[in-house]
Amino acid sequence: MTTELERPESTGGRYPSRFKQSGLKARHLRAHIVVVVWAALALLAATAQQSLPIARWLAIHLFLLGAATTAIVVWSEHFTVALLHARRPDERWSDARLAGVNLAVVGVLVGVWMDRPLLIGAAAALLVVAVAAHLVVLVRMGRGALGGRLAPIVDFYRVAAGVLIVGVVLGGLLATGRAGAQHYAELRLAHIHVTLLGWIGLPVLGTLFMLWPTVLGVRMAERTTRVARWVLGLTGGGLLTTVVGLAAGWRPPAVIGVVAYAVGLALAVELFARTVRGRRPVSAAAAWTFGAAVVWLCIGVTTDAVILTIRPLAQAGEEVGALVPVLLIGVVAQVLVGALTYLLPIVLGSGPKERAAVRAVLERGWLARLVTLNGGVALVALPLPGPSGAAGMLLAATAGTVFIALTVSALVRAGRRTGESRSARGPVLVGSAAGAVLIALAVLLANSGGDTHRPAVAAGAGSGAATATRTVDVTLTDMRIRPSRIEVTAGTALKLKVTNKDAQRHDLKLDGGPSTPLLSHGQSRTLDLGPLTKDRTAWCTLPGHRAAGMTMALVVKNATDTATSPHDGHTTILDSTGLDLSADFSRGWKPRDPDLAPVPAGRVHRIELHAASRTIEVAPGVKQQMWTFGGTAPGPTLHGNVGDVFEITLVNDDTTMGHGIDFHAGSLSPDTSMRTLQPGQRLVYRFRADKAGAWLYHCSSAPMLQHMGNGMYGAVIIDPPGLKKVDHEYVLVSSELYLGTPGSAAQVAKMRQDTPDTWVFNGAAAQYAKAPLKAQAGERARFWVVAAGPSDGIAFHVVGTVFDTVYKEGAYLLRPGEPGGSQALDLAPAQGGFVETRFPAAGHYSFVDHDMRHAEAGAMGMVEVSE
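Quick summary incoming for the structure in this document. (Residues numbered from 1 in each chain as written. Predicted model: local features only at pLDDT ≥ 70, side-chain atom pairs only at ≥ 80, totals over all residues. Heavy atoms only, no water.)

**A short note on the overall build of the protein**
Each helix and strand in the protein was counted, giving 19 helices and 29 strands. Taken over 867 residues, the protein has a buried fraction of 54%. Contacts in the protein between residues at least 24 apart in sequence constitute 74% of all its contacts with a sequence separation of at least 6. Surface accessibility of the protein: about 36000 Å² in total, with carbon and sulfur atoms responsible for 58%. (Helix = DSSP H or I, 4+ residues; strand = E, 2+ residues; numbered from the N terminus. Buried < 20%, exposed > 50% of the residue type's maximum accessible area, 1.4 Å probe, protein only. Contact = heavy atoms within 4.5 Å. Areas by Shrake-Rupley, 256 points an atom, 1.4 Å probe, with all protein chains shown as cover.)

Structure follows, in structure tokens:
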């Protein structure tokens, strides 16, 4: 080998004069000061996991994005020059790229910390640009360079740079919430694999082909170049397969990819093992540290393959996530420690004597640190009960802190010699050691102090002012907080019993208040918020989770506004509709005509329906934007006889979204007729009504829950043969109503939780209480009822009457003249039928959904019967 790194120090060979150039030395000095600062900040974040909401995320990304990325950018460029015998890139542009990387990392960290998606996106874009520029430089250095035996190793750095761009894009999608709740778990898995096995793993493997024999002080194996190519093909190809499989939610390719990566790793390890000759290495500290890192990498990759093989992807995320600390400390940190231990003396020292002095500083107590760090990793990795994990983190942090202190000492020593830090003449090592002790104490305090099962208490929340105490069960599941809204009377002392029922970990933080620790599946904690006097919000602090919808609103109402229970104890959500059903509708409002129009003449009924948004008064004084068919919600009622043909021309007048339609009364392939029409498109939907009954029609575009929940439904009435004429024939379509901006996260959350603001007949709450139906005593009435949902059925009942006829889902359950009677027509969502009754005398006959929650919230009306 012809590079300076291949020449072991023990041979007495000279390093190229470029390392003696004060400019290069100063650049390395500055870069590694940055690395040390990032690592120290990561350690500080790791000590604050009980007090910082995203401390774990910060610790990981301060170390990986900050320290490790800075080191890889610096060293990959350095080794590329050495391995290719290429010209050194312009130092100013190299510094600019490095500055861009670090500025972008700061932006990402601050953006996530402050929950600023725009800042996160801008910083991620800057990071992509900086890394892409780095990749271009690595590629261009290969043009016209002399090359060398180990030139293929540079491909590891090039592939890793490309992989990091993918990782940044995935991370940006996750942190800004663009990944969405549906694909979050799979993309997070892909992001973890890209980052750890790609950006970190590939440069590590490539560098070890060169650095491992150099550190051992032995000759490189003849087949190194060939094996390196095989390893890159297997690991790079395997990683690509895994990431594509994970992103697409396909487990088999993900497993195959990780297995291929493991095979490539095994080839490299076999070569490394055969390189050991039993000679005294140039740096025993670096050699043992590299060896330990490779062992942990093998353990991590093998465990990863097993997890992906036996666990569905939705459940694998948590277990793979648990591997991150093991790989972070066992592999990344140890590789960084080993590399700096061997390489810093080379780039910072000006001669054998100076290099030996720097190395002596960095190797001080290396065996004890090696045992301590790896013992800590073992405690973190093993599934031991109790505080073993915290103890392991403490041991690892202690070893890492001591090395940082030693590195600082070495950098200061080098800085003095280069005149870069003339003022640093104090007892740096002593100061660093003192800092290490303080950090270790902080780690001990943070990880062992207090009982984490005790409820977190809001500070200064006005203790003693509570008039009542409520405890609300809150669950974290499916990237949602349930309930998403809690209303309490002002002064109520509120406690949230938070339980994570999701496969991945979550926490819950109150704005300006306490937060739970990260909770694994099944774990619970209680947040004591104290007396609430103003509206508050709460959310999951993990990056991207808030943006993906994991938020909760705590609404404080005056005592007269709510019906909260004043007694202690556990309760669930107590959402009030906030609707005043006793108020009047607006002037000019007209109720929906419930009378069923006669069947039109002819056997073919042609109707044109326009899909469009309209603002409709849906409760007294409450107007809501609805998605409609024909401008009303529900849409027009279609009436026909068995055998009639309906030819519906659907026109999408909505300028913002697509819509379709599904008629339950027809039987035909849905592929074409129920397709989604984009704005401005039209479709002729033709079906023959072969069966009698009360049928539902609704929008067929996804998500149907939102389209139906916002009003896109209606009824088709097909008379049974021989149906007798009655005095009154009404159509009542029951449904739920969700207030708020259509399609907003808050409204969708209510739909998913089935917590509507009100239940209605024919689209408006209590409209027939304000405008009763009219009849005379002795008249016979038929009530056609369709349960449109989208989630709740109905138990239709008319107070003061007995049904003598019940027709449900196309069949009579009861006919006139039979001895039995009926009190309610029960319909599940999307079912329909009719009942008949005769009003015996003048009076006010209420009709209701006999689920009284629905009736009292708006699903009620009146038949006013006169003499």
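**Quick look at the packing of aromatic side chains**
Evaluated as defined, the whole model comprises 24 aromatic pairs. Considering the side-chain rings of W212 and F272, the 6.4 Å spacing of their centres and the 50 degrees angle between planes classify their relative orientation as tilted. Pair noted here: W212 is in helix α6 (residues 180–216) and F272 is in helix α8 (residues 251–275), with a separation of 60 residues, a long-range link. By relative accessible area, F272 is classed as buried at 7%. Here the aromatic rings of F761 and F847 are separated by 5.6 Å at their centres, their planes lie at 55 degrees, and the arrangement is tilted. Within this pair, whereas F761 is found in strand β20 (residues 758–761), its partner F847 is found in strand β28 (residues 843–849), the two being separated by 86 residues in sequence. A relative accessible area of 1% means that F761 is categorised as buried. Members of the aromatic cluster, joined through ring pairs, are Y730, F761, Y768, F783, F796, F803 and F847. Across the ring face of F834, the terminal group of R782 is positioned such that the distance to the ring centre comes to 5.2 Å. Positioned over the ring face of Y812 is R815, at 3.9 Å from the centre of the ring. (Phe/Tyr/Trp six-rings, centres within 6.5 Å; stacked < 30°, edge-to-face > 60°. Lys NZ or Arg CZ within 6 Å of the ring centre and 35° of its normal.)

**A short note on the sheet that holds strand β21 (residues 773–776)**
A sheet is described by the order of its strands in space; here five strands give the open sequence β21-β29-β28-β23-β26, paired in mixed fashion. Looking along the sheet, the strands with just one partner apiece sit at the ends: β21 and β26 (825–827). When the angles between neighbouring strand axes are averaged without regard to direction, this sheet yields 20 degrees. The pairing of strand β23 (residues 794–798) with β28 spans three bridges and is classified as antiparallel. Counterpart to H797 in the pairing with β28 is V848. (Pairing = 2+ DSSP bridges. Axes fitted to C-alpha atoms, helices over the stretch in contact; angles between N-to-C directions.)

**What to know about the pattern of salt bridges**
Opposite charge on two side chains allows them to pair when their charged atoms are near. Overall, the coordinates contain 19 salt bridges when judged by the stated rule. Across the pair R223 and E270 runs a salt bridge, and its minimum N-O distance is 3.0 Å. One end of the pair, R223, is in the loop between α6 and α7 (224–248); the other, E270, is in helix α8, with 47 residues separating them in the sequence. We classify R223 as partly exposed; its relative accessible area is 25%. (Salt bridge = Lys/Arg side-chain N within 4 Å of Asp/Glu carboxyl O.)

**What to know about the sheet that holds strand β6 (residues 509–510)**
Sheet strands pair via backbone hydrogen bonds, and the direction of the pair is either parallel or antiparallel. Pairing in this open sheet of four strands is mixed, and the strands run β4-β9-β8-β6 from one edge to the other. Both outer strands of the open sheet, β4 (485–489) and β6, are each paired with one neighbouring strand and no more. Here β6 pairs with strand β8 (residues 536–539) via two bridges, running antiparallel. Looking at the pairing, L510 lines up with A538 of β8.

**Here's the deal with the nonpolar core**
Grouped together as the largest cluster of nonpolar side chains are 146 residues, with contacts concentrated most on F209 and F290. No other element matches the 23 residues that helix α10 (residues 313–348) contributes to this core. Once residues within four sequence positions are removed from consideration, F209 is found in contact with I153, F156, M220, T224, V227, A228, V231, A268, L271 and F272. Membership of the second largest hydrophobic core comes to 37 residues, among which are M674, Y685, F687 and A788. (Core = buried A, V, L, I, M, F, W, Y, C linked by side-chain atoms within 4.5 Å.)

**Observations concerning unusual backbone geometry**
With omega at 5 degrees, the peptide bond leading from A633 into P634 counts as cis. One can find P634 in the loop between β12 (622–629) and β13 (638–641). At D754, a residue that is not glycine, the phi angle is positive and equals roughly 55 degrees. With respect to the element layout, D754 can be found in the loop between α17 (745–753) and β20. Of the residues examined, D754 reaches a relative accessible area of 31% and is grouped as partly exposed. In this model, N762 sits at a positive phi of 55 degrees, which is unusual for a non-glycine residue. Turning to its location among the elements, N762 is positioned in the loop between β20 and α18 (767–770).

**Observations concerning helix α5 (residues 154–176)**
Between its first and last C-alpha atoms α5 spans 33 Å; for 23 residues at 1.5 Å apiece the expected length is 33 Å, and the two agree. Burial analysis of α5 places 17 of its 23 residues in the buried class, the great majority of the element. (Expected span 1.5 Å × (residues − 1).)

**With respect to the packing of helix α2 (residues 55–84) against helix α3 (residues 91–114)**
Each packed pair of helices is defined by two parameters, the angle between the axes and the distance between the axes. One way to put it is that α2 packs onto α3 with a least axis distance of 11 Å and a crossing angle of 170 degrees. As judged from the angle between their axes, α2 and α3 are roughly antiparallel. Every residue of α3 that contacts α2 at W57, L58, H61, L62, L65, G66, T69, T70, V73, V74 and E77 is listed here: S94, R97, L98, V101, N102, V105, V108, L109, V112 and W113. Class assignment for the residues of the contact of α2 with α3 results in 13 nonpolar, six polar and two charged. (Parallel < 35°, antiparallel > 145°, perpendicular 65-115°, else oblique. Nonpolar A, V, L, I, M, F, W, Y, C, P; charged D, E, K, R; others polar.)

**Topic: a nonpolar patch on the surface**
A cluster of nonpolar side chains, contributed by V106, V110, W113, M114 and L119, occupies part of the molecular surface with about 410 Å² of accessible area. In terms of residue count, the dominant contributor to the nonpolar patch is α3 (four residues). Mapped onto the elements, M114 comes out in helix α3. What makes M114 partly exposed here is its relative accessible area of 41%. (Patch = residues over 30% accessible without salt bridge, like charges linked within 9 Å, V, L, I, M, F, W, Y side chains within 5 Å.)

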